[in-house]
Amino acid sequence: MKKIVKVMLFAGLMFLLVGCASNTAENIEVNDDKVPSVYSVIGEKKIVGTNSEVKNKVRMTTLTYKAGSISEKELQKYIEYLREKEGYVYTLDSKQSEEGTLIQLGKESKTKGNIVLVDFLYPSMDSESMKVMYRSGPGSLKMNE
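Scoring rules and cut-offs
Residues numbered from 1 in each chain as written. Predicted model: local features only at pLDDT ≥ 70, side-chain atom pairs only at ≥ 80, totals over all residues. Heavy atoms only, no water. Phe/Tyr/Trp six-rings, centres within 6.5 Å; stacked < 30°, edge-to-face > 60°. Helix = DSSP H or I, 4+ residues; strand = E, 2+ residues; numbered from the N terminus. Buried < 20%, exposed > 50% of the residue type's maximum accessible area, 1.4 Å probe, protein only. Pairing = 2+ DSSP bridges.

- Labelled according to an unreviewed UniProt entry, the protein appears under the name Lipoprotein, originating from Enterococcus wangshanyuanii.

So this is what it looks like as structure tokens:
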């Protein structure tokens, strides 16, 4: 009986460790692409949730940051860094919803025929968490002229 309890505790601990993202990771890896992390641009911020999955050949990694830990000014600094230093472009400039403001950046992937998208959901209330979703998969960017 003790052995079963130990195995279950060990399995639970491994699940928690695998499900956590590092607050100090330099890059977020999505397929063959590496996107500079929030940490590498604006410093360490508390991650309170992570989700990673693959759906329809698209890898998605979502990081949820502690409510109020990233200011609008810091978010803008991160977005500008991705645009100026990494070549990302706005694919969705700003969209308002009940959940907050959604901004999306994108660029061509290292993998031919794929793109990388970074979505920012900045909450409408300071008491809510901010989410950043990194995606990589088949697609192309069409620029408005």
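### Concerning the packing of aromatic side chains
Move 1: Summed over all chains, the structure comprises one aromatic pair.
Move 2: Ring geometry for Tyr-78 versus Phe-120: centroids 5.8 Å apart, planes at 85°, classification edge-to-face. Of this pair, Tyr-78 sits in helix α3 (residues 72-86) while Phe-120 sits in strand β7 (residues 114-123), and the two are 42 residues apart along the sequence. In terms of burial, Tyr-78 and Phe-120 fall into one category: buried.

### A word on the pairing of strand β4 (residues 58-65)
Both faces of the sheet carry side chains from a regular strand, because those side chains alternate between them.
Move 1: When you tally the buried positions in β4, you get six out of eight residues, the bulk of the element.
Move 2: Of the strand pairs in this sheet, strand β3 (residues 47-55) and β4 are connected by eight bridges, and their pairing is antiparallel. The partner of Asn-51 across the bridge, within β4, is Thr-62.
Move 3: Between the antiparallel neighbours β3 and β4 lie two residues, among them Asn-56 with a positive phi of about 50°.
Move 4: Relative to strand β8 (residues 130-138), β4 runs antiparallel, the two being bridged by seven bridges. What sits directly across from Leu-63, in β8, is Val-132.

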